[in-house]
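Reading the structure
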Amino acid sequence: MNSKQQRPLKKLLGIRGMGAALTAFVGLIIIYIAFGIINPAVFSGQNMLNLLRSMSKYLLIGIAQSYVLITGNIDLSIGSMVGMSAMIAATLMTTGMAPFLAIVIALIACLVVGVVNGYLVGKFKLPPFIATLGTMFVARGIAYMVNGNRNTDAIATGVGKETADAFQNCFYYGKTLGIYNTFWIALVIFVVFFFILSKTRTGRHIYAIGSNVDAAKLSGVNVVSTTVKTYLVSSVCSCVVGLILCAQAGMGNMEAGNMYEMYGVAAGVIGGVSPLGGTGILLGTFAGAAVWQTLENGLNMIGAQVGIQRVVIGVIVVAAVLLDVVVRNGQFGKHRKK
């Protein structure tokens, strides 16, 4: 391979986090083929469609957590916002409110949580673990209270079967070009937030804060505003996942989104997003979400127990973070030698 051919590859691998993302994609291919050899049904068209649809929830949650992780923070309220979104939207629809208005109100509620998270962490300097732990309980409490501490009835009881079917088809059961709408929704959101993170000033500021918050301040970065923006991204993605779960069940479930904040961490770190901040790209998050869902799908199809599935995924998450720490320590060691 001559130098001209090497340049594009070098440039590609030089993109921050690209190496980890490509590694995750290679791992995805290997895992998928391995499960397919054990059970050829993994390769079936319907299974692939189901895999894409199920992966979409992890992708959105991964985007939500990745934006926050890159700044060196974390959002523990994601799962509760998912449940709050599902319950608010479902409850309002069971009263006869049009789905569009119910969605807008659910989104506003999630955005309020995002703003509170952003200001608590960015302006008032609360540790993100504590700040978002508090809003996690608040959002889950709202999910419980919105319908009197019980799951909702079917949304069709309020808006009618035709409108309920339209809502469910839009977010879960319907297809466009032969692929479930859930995936298209996630893909559009992925493209938008990928562009913002990789091609805009806001994206550069997010990386700057994660790399060195003090240096970012000296460079003129508005740390508070940028931190709030990352938590707003988290809120938007969480709200959409809540709507997807509401459409899937046709009702609101108070426990919807339970543990999803951890699923978001897993999708991000498997794809190379560092929990230490400053490193990672959403392409890696896409790969991480796909690896997560492929593992879950494949282990399920070969008859592995749920406990085994969780152990395997947990080991992979720890290995991914450990690798990140080892690489960073190696880099720091090189700098000291110089």
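Residues numbered from 1 in each chain as written. Predicted model: local features only at pLDDT ≥ 70, side-chain atom pairs only at ≥ 80, totals over all residues. Heavy atoms only, no water.

Glancing now at the overall build of the chain. Each helix and strand counted, the chain has 15 helices and two strands in total. Since a compact globule built from 338 residues should have a radius of gyration of about 20 Å, the 20 Å found for the chain is in line with a globular shape. By principal-axis analysis of the C-alpha atoms, the chain measures approximately 70 × 55 × 35 Å. Looking at the 338 residues of the chain, the share that counts as buried comes to 50%. Here the analysis covers contacts within the chain between residues at least 6 apart in sequence; of these, 77% occur between residues at least 24 apart. (Helix = DSSP H or I, 4+ residues; strand = E, 2+ residues; numbered from the N terminus. Rg over C-alpha atoms; globule rule 2.2 N^0.38 Å. Buried < 20%, exposed > 50% of the residue type's maximum accessible area, 1.4 Å probe, protein only. Contact = heavy atoms within 4.5 Å.)

Let us now look at a nonpolar patch on the surface. A contiguous nonpolar surface patch, about 540 Å² in accessible area, is contributed by Phe 100, Leu 101, Val 104, Ile 108, Val 112 and Val 116. In this fold, Leu 101 is placed in helix H5 (residues 99-122). (Patch = residues over 30% accessible without salt bridge, like charges linked within 9 Å, V, L, I, M, F, W, Y side chains within 5 Å. Areas by Shrake-Rupley, 256 points an atom, 1.4 Å probe, with all protein chains shown as cover. Salt bridge = Lys/Arg side-chain N within 4 Å of Asp/Glu carboxyl O.)

Moving on, we get to the confidence of the model for the chain. Residue-level pLDDT values for the chain average 91, and 91% of them are 70 or greater. Taken as a whole, residues 332-338 scores under 50 in pLDDT and shows zero contacts with residues more than four places along the chain or in a different chain. (pLDDT = per-residue confidence, 0-100.)

Moving on to the packing of helix H4 (residues 78-94) against H5. As a packed pair, H4 and H5 sit with axes 8 Å apart at the nearest point and diverge in direction by 150 degrees. Put simply, H4 runs roughly antiparallel to H5. Considering the relative orientation of H4 and H5, their crossing is right-handed. On H5, the residues touching Met 81, Met 84, Ser 85, Ile 88, Ala 89, Leu 92 and Met 93 of H4 are Pro 99, Ala 102, Ile 105, Ala 106, Ala 109, Cys 110 and Val 113. (Axes fitted to C-alpha atoms, helices over the stretch in contact; angles between N-to-C directions. Parallel < 35°, antiparallel > 145°, perpendicular 65-115°, else oblique. Left-handed = near helix turned anticlockwise from the far one by under 90°.)

Right, let's talk about the packing of aromatic side chains for a bit. How two aromatic rings sit relative to each other is given by the distance of their centres and the angle of their planes. Scanning all chains against the criterion turns up twelve aromatic pairs. Put simply, the rings of Phe 25, Phe 190, Phe 194 and Phe 286 touch in pairs and so form one group of aromatic residues. A cation over an aromatic ring shows up here: Lys 175 above the ring of Tyr 180, its NZ or CZ 4.9 Å from the ring centre. (Phe/Tyr/Trp six-rings, centres within 6.5 Å; stacked < 30°, edge-to-face > 60°. Lys NZ or Arg CZ within 6 Å of the ring centre and 35° of its normal.)

The interhelical angle for the contact between helix H8 (residues 161-173) and helix H12 (residues 223-249), taken along N-to-C directions, is 120 degrees, at an axis separation of 8 Å. The angle between H8 and H12 falls in the class oblique. You can see that H8 and H12 cross each other, and the crossing is left-handed. Mapping the contact onto sequence places Phe 167, Gln 168, Phe 171, Tyr 172 and Tyr 173 in H8 and Leu 243, Ile 244, Cys 246, Ala 247, Gln 248 and Ala 249 in H12. Among the residues forming the contact of H8 with H12, the class breakdown is nine nonpolar, two polar and no charged. (Nonpolar A, V, L, I, M, F, W, Y, C, P; charged D, E, K, R; others polar.)

This part covers H4. Look at H4: 24 Å from first C-alpha to last across 17 residues, which is about the 24 Å you get at 1.5 Å a residue. In terms of residue burial, H4 counts as a mostly covered element, since 16 of its 17 residues are buried. Two residues or fewer past H4, Gly 96 is found with a positive phi of approximately 100 degrees. (Expected span 1.5 Å × (residues − 1).)

Counting residues in each nonpolar core, the largest one holds 86 residues, and the members touching the most others are Ile 63 and Met 84. Not counting residues within four places of it along the chain, the set of residues in contact with Ile 63 comprises Phe 190, Phe 193, Val 233, Cys 237, Leu 282 and Thr 285. (Core = buried A, V, L, I, M, F, W, Y, C linked by side-chain atoms within 4.5 Å.)

This part takes up the pattern of salt bridges. For the coordinates displayed, the defined rule picks out two salt bridges. For Lys 161, the salt bridge identified is with Asp 165, shortest N-O distance 2.8 Å. Of this pair, Lys 161 and Asp 165 both sit in helix H8, four residues apart, roughly one helical turn. Under the relative-accessibility criterion, Asp 165 is labelled partly exposed at 29%. Note that Glu 296 is salt-bridged to Arg 310, the shortest N-O span being 3.3 Å. Of this pair, Glu 296 sits in helix H14 (residues 282-301) while Arg 310 is found in helix H15 (residues 306-337), placing the two residues 14 residues apart along the sequence.

What follows covers the environment of Leu 120. Along the chain, the position of Leu 120 falls in helix H5. Along the primary structure Leu 120 and Gln 248 are separated by 128 residues, whereas in three dimensions their C-alpha atoms are 33 Å apart.

Among the secondary structure elements, Ser 77 is positioned in the loop between helix H3 (45-70) and H4. Here Asn 117 takes part through its side chain, which lies 3.0 Å from a polar atom of the side chain of Ser 77. If sequence neighbours within four positions are ignored, Ser 77 has contacts with Val 113, Asn 117, Thr 132, Thr 135 and Met 136. (Polar contact = N/O pair within 3.5 Å; in protein donor to acceptor, adjacent residues only side chain to side chain.)

Now for unusual backbone geometry. Not every positive phi belongs to a glycine, and Lys 125 is a case in point at roughly 60 degrees. Along the chain, Lys 125 falls in the loop between H5 and helix H6 (128-145). A positive phi angle, close to 75 degrees, is found at Met 259, a residue other than glycine. Turning to its location among the elements, Met 259 is positioned in the loop between H12 and helix H13 (260-270). The exposure class assigned to Met 259 is partly exposed, which follows from its relative accessible area of 40%.

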